[in-house]
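Next come the chains, spelled out residue by residue.
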Amino acid sequence: MNILGINAYHGNASAAILCDGKLIAAVEEERFNRVKYAAGFPVAAIRYCLQAAGITLRDVQHVAVPRNPYARLGTKLFYALRMPSFARERAKVLAKFTGIREALAAAFETDPATMPAQFHRVEHHIAHLASTFFCSPFEQAALLSADGLGDFASSMWGAGFERRMNIHGSIAFPHSLGLYYSAVTQYLGFLKFGDEYKVMGLGAYGEPEFLPEFRDIVHSSGTGFRLALEYFTHHRTGPEMTWADADKTPVLGKMYSDVMANKLGPVRDPSAPIEQRHKNLACSLQARLEEVYLGMLRRLHEETGLNSVCLAGGVAFNCVANGKITANTGFKNVYVHPAAGDAGLAVGAAQYIWHQVLGNPRDFVMEHAYWGPEFSREQIRAVVKSSRFSENGWTVCEVPEEELLKKTAAIIADGKILGWFQGRAEWGPRALGNRSIVADPRRPEMKEILNRRIKHREIFRPFAPSILAEKTGEWFEQSHPSPFMTMAYAVKKEMRGKIPAPTHVDGTGRLQTVTQTANPRYWKLIRAFEQQTGVPVVLNTSFNDNEPIVCKPQEAIDCFARTQMDALVLGDFLITREDTSGQQRSAITATAEQD
């Protein structure tokens, strides 16, 4: 039986395919159309999923869509009467959702009447919870989803037992931890869709000076919370969201009110310098989120008595808060779906139909995140051959794996910056060793070099350490697995000087624990680096430059060409730059020359 999950007309449009309960493929539309956080209808993602499964649209028995227009209908009608313009916009989106069968048929030039699939509507947060529980290794677990807004709810919690989930409660619009974080992110001058993670990183440079004020903005209330709505605008005008178009990055309208500026001080202009006050505001924002979020989890643990918890929704990407769960809530085990945001809804909706609706038992665990496109050696060779590297003074060689790993580890150890392209693309927003830029974690200057010369982004933003999973407890204060880079742990004090580049200013690292079973070649690369340096860690960041993570070999080559990376590995091919004297030239040397 084949089940197609589709997240459409929403940020992070995506598709996923289950065949007899096994996930075969999952991918975001942005990887194909190269528009960050692309919305619209994910035609290319659907086409890839069907191709990966070796089936056609006529072989799909069920289509699961993570949107239920009838959920909280009374609340929706109440706010529709108060906000007619918002209601009109929601009606347009609803019309698109009701026409998904027709849109799918049109995309594949098929008569809708000939499509045998049954279409299902799955509520937004139920799909989030399904995405994490049904992919987790736990037979039973507490469940929490928290994000901005979906089907007029912002949070939902409950418990999962084997093939079923029981919902215990939810929090409806306008109260939302996700919208709280987004509004303050805008107030701090970060206006782009998805900028919340920047403010999370900025908070580490500050002190919680404004925590009393933020406790007035978000009030804990029983199992949940309530916003002091005078600080916000979304309850009066509706959350202004533009994300129906596949060729445009989603846009959010202003979400904070003048009260926020009156109470917290002037709004930061996006072009203005970041002052200590802004850092303290970011720190206070994060501190209050943690108080509320961890408080919800403590109460959920008391309510369920379970040792494990599964998390999803955009708030579950807050790795700083996640890293504090086991020490502060009573839960011993934590699972976060690698695409915890709205992309993951495609997997969750499909899993919900397979287990909860059809009653099938569980026999799948998402132990890795490599569910996207891959390219054969022949395909990579053809791209390399057509790229004519020699004309740019670059050298190319195809190398056996053992030699490739030794050479690549030596390149990293020499302070050079490496593009690393292997296997299937990652599912979710994190590069986890198949579409990564890799560098030496021992060099304190590497953070600034990468931010300025490679990534072209804010200088305060941190990078991630990828560590051999079996060495985690030797280098970090916690050893709970973090395979999807969803936890931040304190680096042991005696180790911080050994890996300064991916150690954030507060002494933490958003780590990826790498196992030999989940990613054998990346594990071997880190192991080879350890053998040469004594450090079982590499610095890892996404293979991109202000764009979606590269998906195809040609995109990797293009990114390599326009940045100051020193070397590129495509499968078994090693490509290195040389200067006019024939010597390899590192990004460190180039930075020193330019500075």
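See the structure shown above.
Calculation notes
- Residues numbered from 1 in each chain as written.
- Predicted model: local features only at pLDDT ≥ 70, side-chain atom pairs only at ≥ 80, totals over all residues.
- Heavy atoms only, no water.
- Helix = DSSP H or I, 4+ residues; strand = E, 2+ residues; numbered from the N terminus.
- Rg over C-alpha atoms; globule rule 2.2 N^0.38 Å.
- Buried < 20%, exposed > 50% of the residue type's maximum accessible area, 1.4 Å probe, protein only.
- Contact = heavy atoms within 4.5 Å.
- Areas by Shrake-Rupley, 256 points an atom, 1.4 Å probe, with all protein chains shown as cover.
- Pairing = 2+ DSSP bridges.
- Axes fitted to C-alpha atoms, helices over the stretch in contact; angles between N-to-C directions.

Student: What am I meant to see in the overall build of the protein chain here?
Tutor: When helices and strands are tallied, the protein chain shows 23 helices and 23 strands. Against the globule reference of 25 Å for 595 residues, the protein chain gives a C-alpha radius of gyration of 24 Å, in line with a compact fold. Summarising its shape, the C-alpha atoms of the protein chain cover approximately 70 × 60 × 45 Å along the three principal directions. Counting the 595 residues in the protein chain, one finds 61% classified as buried. For the protein chain, contacts bridging at least 24 residues in sequence account for 72% of all contacts bridging at least 6. Here the protein chain displays about 22,100 Å² of accessible surface, and carbon together with sulfur accounts for 50% of that area.

Student: Is there a simple way to think about the side chain of His480 in this case?
Tutor: Following the sequence through the fold, His480 ends up in the loop between helix H19 (472–475) and strand E19 (487–490). Discounting chain neighbours no more than four positions away, the residues touching His480 are Thr326, Lys332, Asn333, Val334 and Tyr489.

Student: Honestly, the sheet that holds E19 in this entry has me stumped. Any pointers?
Tutor: A sheet is described by the order of its strands in space; here 9 strands give the open sequence E15-E23-E22-E16-E17-E21-E18-E20-E19, paired in mixed fashion. Every other strand in the sheet has two partners, leaving strand E15 (394–398) and E19 as the edge strands with one partner each. Across the sheet, the mean angle from the axis of one strand to that of its neighbour is 35°, orientation sign disregarded. Sheet topology places strand E17 (residues 435–439) next to strand E21 (residues 537–542); 4 bridges connect them, and they run antiparallel. Following the sheet pairing, Ser436 is matched in E21 by Ser542. Docked against the sheet, helix H16 (residues 377–387) engages E15, strand E22 (567–570) and strand E23 (573–577), running at close to 25° with respect to E23.

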